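# Observations on the three-dimensional arrangement
Single-letter residue listing:
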2 protein chains.
Amino acid sequence: MTVTIYDVAREANVSMATVSRVVNGNQNVKPATRKKVLEVIERLEYRPNAVARGLASKKTTTVGVIIPDISNNIYAEAARGIEDIATMYRYNIILANSDQNEDKELNLLDTMLGKQVDGIVMMSDAVTPKLHQSMEHSPVPIVLAGSVDETNQFPSVNIDYFQASYQAVQMLIGNGHKRIAFVSGPLAYTINSKFKLEAYKKALTDANIEIDEQLIIADDGTYDSGLEAWGVLSDLEQPPTAFFAGSDELAIGLIHGAQDNGKNVPEEIEVISFEDSKLARMVRPQLTSVVLPLYDIGAVAMRLLTKLMNKENIEDQTVVIPYRIEKRNSVKS
Amino acid sequence: MTVTIYDVAREANVSMATVSRVVNGNQNVKPATRKKVLEVIERLEYRPNAVARGLASKKTTTVGVIIPDISNNIYAEAARGIEDIATMYRYNIILANSDQNEDKELNLLDTMLGKQVDGIVMMSDAVTPKLHQSMEHSPVPIVLAGSVDETNQFPSVNIDYFQASYQAVQMLIGNGHKRIAFVSGPLAYTINSKFKLEAYKKALTDANIEIDEQLIIADDGTYDSGLEAWGVLSDLEQPPTAFFAGSDELAIGLIHGAQDNGKNVPEEIEVISFEDSKLARMVRPQLTSVVLPLYDIGAVAMRLLTKLMNKENIEDQTVVIPYRIEKRNSVKS
DNA sequence: GTGAAAGCGCTAACAA
DNA sequence: TTGTTAGCGCTTTCAC
């Protein structure tokens, strides 16, 4: 059978309280006693039962992580950042995919809270009112990673999507383009893409370029949809000469679409992406892209969560990580 | 404060046993009672404490998942398969990265067992003796996903790496190549790559082609190392005319290396990959590749684990999933 | 420095 | 059909 703290206590001729103390590194134990207990623990191969410990202490040292889809590189990268920091602070993570589906998100929140996680990191492109409400009722801290909470009620970590997008579009404008397309993920109606879109429009407007709704496409964000978008856009009477893509996959689809049509990138067509995953260097030409520091976003979010779980004072709940634009060859100069 | 089963019982004028019954869907409850209890649960927003439940029932409905690196698409894909099936059977997963590091693997095993997971899915390219031994001592079932256990002691799910690789190399041989290189990940010394290498050698030998160790390169499996491998190999006196790549990234690196040198793929250089991630279609020419069904491997592994946790009878502990070769344009005909 | 004992919130016999 | 009662394995006062 499994050996319990009680077995150890008996074998070591001490009380279970003492065993508990040595297991938990409590200093109030005579070195000799500690040694004796440690020996018995080793001999019996005693392994503390974290569930019992959790019940008694009301802490599980595990945090919940709700992400849209782990098989999507973006989220996987963030997940790795989260997990690394979690490990550093001795937490384990319960990971679950929501597919951006509100019902799943709600359910996951509930089951994770049921499992008594000490905190939650949540990635969701759309913090709906219902979700928001559920999150408010959480007995443990929740931090948003890569998702902005417009009510500013929840801790969150992000980059400045608007600013980054604005700058990206500006680069294209600076290169003389008048017909600039914006191709984004399905998220056209969600937060982050909303910022990108707003920035896109603002940048054009500020440069006195008229906004043409035909040049704005929102699909599912995949390579194929980038290819498709190229098809649609290049068939326009006045096709775009530059593209602001919402993701690397999209950008590559756009570029391949152009190349398959005999167009040169960046000589004839320029493309700037928003992501800078390792894919960015795996195309010819390599992508110029806003770098979205996913790993860092995850890591910082988790770090923030540890502080919150520790009830430390937080200066600022919403942290904005710096971004930069990596210049490669899909945009001239 | 948090509301417990006891609060619900009191409010509903029943015993906690009855509340427990309705929460657990036990049929031995009069409909009227059930209704009453359900109402109170709703009103009080009672949420069962899974930790207490776990302690009492000795089941946590969570499984551990140990993978090398979630930010690597291969493992992320498998993780998604694992999680989907886990969710289907109402399990949650504790996910952790091992970086293929034995110490971490050992530690993770230990902490997960400490957390009383009901089972574990493990992905490890090298089941070392120590690891093997720790796994044997596990009180809960462990299944290996995408990793073969040479002792055949643990349940595992895989494809036939040898057969798949053999066939891949044969395609190249069939196209008339005599100088065929094998470029693989760092895993040259680990199980799966070992099979690939063996198959490569066997295929050549069977075709009376001499094995040239210079044509065998094992590096870190990244795009850059593919590029590098091209550099080294193309500088040979008798450079290879065909490549068997251990992964898509590697294959793309090889192809770009060739193209940057003005070589045509597949006219002058042919490349076959082993993976078939979505990357495979995101290059020109698109990759011909052995398809490694990662999602399925994960899903089947998890399904197998549910059976094991359920103590169902398993016909065969080691399942071999069919593979196929997806023909695209990096190999002629 | 160490021990006794009361929970933590729930499940699972066993009775009734 | 429902209630009573032991635990599950540990943490945590509170005494000594």
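Chain A has the name Catabolite control protein A in an unreviewed UniProt entry, where Ureibacillus chungkukjangi is given as its organism. UniProt's Function (unreviewed entry) comment on chain A is quoted here verbatim: "Global transcriptional regulator of carbon catabolite repression (CCR) and carbon catabolite activation (CCA), which ensures optimal energy usage under diverse conditions."

What follows concerns the relation of the copies chain A and chain B. Laying chain A over chain B is done by rotating through 180 degrees and shifting 0.1 Å along the axis; what remains is an RMSD of 0.1 Å. Such values leave the two copies arranged in the relation of a two-fold axis. Closest approach to the rotation axis among the C-alpha atoms of chain A is made by Ile94 of chain A, whose C-alpha sits 2.2 Å away. Both copies contact each other with a shared surface, as 100% of the interface residues of chain A are interface residues in chain B too.

Residue and element names in this part refer to chain A. Read from one edge to the other, the open sheet built from six strands follows the order β7-β6-β8-β9-β10-β12, with strand pairing classed as mixed. Pairing within the sheet leaves two strands with one partner each, and these edge strands are β7 (216-218) and β12 (324-326). Averaged over all pairs of adjacent strands, the angle between their axes in this sheet comes to 20 degrees, without regard to strand direction. With four bridges connecting them, strand β6 (residues 180-184) and strand β8 (residues 242-245) associate as parallel partners. Of the residues in β8, the one forming a bridge with Ile180 is Ala242.

Now for the domain arrangement of chain A. Residues and elements named next belong to chain A. With domains assigned, chain A is organised as domain 1 (5-48), domain 2 (62-158 + 294-323) and domain 3 (161-291). One C-alpha centre belongs to domain 2, the other to domain 3, and the line joining them spans 29 Å. Counting residues at the interface gives 12 residues for domain 2, matched by 14 residues for domain 3. For the pair domain 2 and domain 3, the summed buried area comes to about 1000 Å², and 56% of that belongs to carbon and sulfur atoms. The three residues of domain 2 that bury the most area against domain 3 are Asp125, Val148 and Tyr323, which together make up 55% of that side's buried surface. Run the count over domain 2 and domain 3 and you get one salt bridge. Between Glu150 and Lys194 there is a salt bridge, and its shortest N-O distance comes to 3.3 Å.

In total, this model carries 36 salt bridges over all chains according to the counting rule given. One salt bridge connects Asp69 of chain B with Arg80 of chain A, and the closest N-O pair in it is separated by 3.0 Å. Here Arg80 of chain A lies in helix α5 (residues 73-88) and Asp69 of chain B lies in the loop between β1 (62-67) and α5 (73-88), a pairing that spans two chains. On the basis of relative accessible area, Arg80 of chain A is assigned to the buried category, the value being 10%. Put simply, Arg179 of chain B and Asp212 of chain B hold a salt bridge, and the shortest N to O gap is 3.1 Å.

Our focus in this paragraph is the pairing of strand β3 (residues 119-122) of chain B. Residue and element names in this part refer to chain B. Both faces of β3 are covered, namely the face carrying Gly119 and Val121 and the face carrying Ile120 and Met122. With four bridges joining them, β1 and β3 adopt parallel strand pairing. Paired with Gly64 across the two strands is Ile120, which belongs to β3. Looking at chain direction, β3 and strand β4 (residues 142-145) are connected through three bridges and run parallel. Across the sheet, residue Ile120 finds its bridge partner in β4, namely Ile142. Following the chain from β3 across helix α7 (residues 129-136) to the adjacent parallel β4, one finds a crossover that is right-handed.

Parameters at a glance
Residues numbered from 1 in each chain as written. Chains lettered and ligands numbered in written order. Predicted model: local features only at pLDDT ≥ 70, side-chain atom pairs only at ≥ 80, totals over all residues. Heavy atoms only, no water. UniProt positions renumbered as here; feature names shortened; annotations may be inferred. Least-squares fit on C-alpha atoms with pLDDT ≥ 70 in both. Contact = heavy atoms within 4.5 Å. Pairing = 2+ DSSP bridges. Helix = DSSP H or I, 4+ residues; strand = E, 2+ residues; numbered from the N terminus. Axes fitted to C-alpha atoms, helices over the stretch in contact; angles between N-to-C directions. Domains from an automatic or database assignment. Buried area = accessible area lost by both parts, 1.4 Å probe. Salt bridge = Lys/Arg side-chain N within 4 Å of Asp/Glu carboxyl O. Buried < 20%, exposed > 50% of the residue type's maximum accessible area, 1.4 Å probe, protein only. Right-handed = clockwise from strand over helix to strand, strands pointing away.

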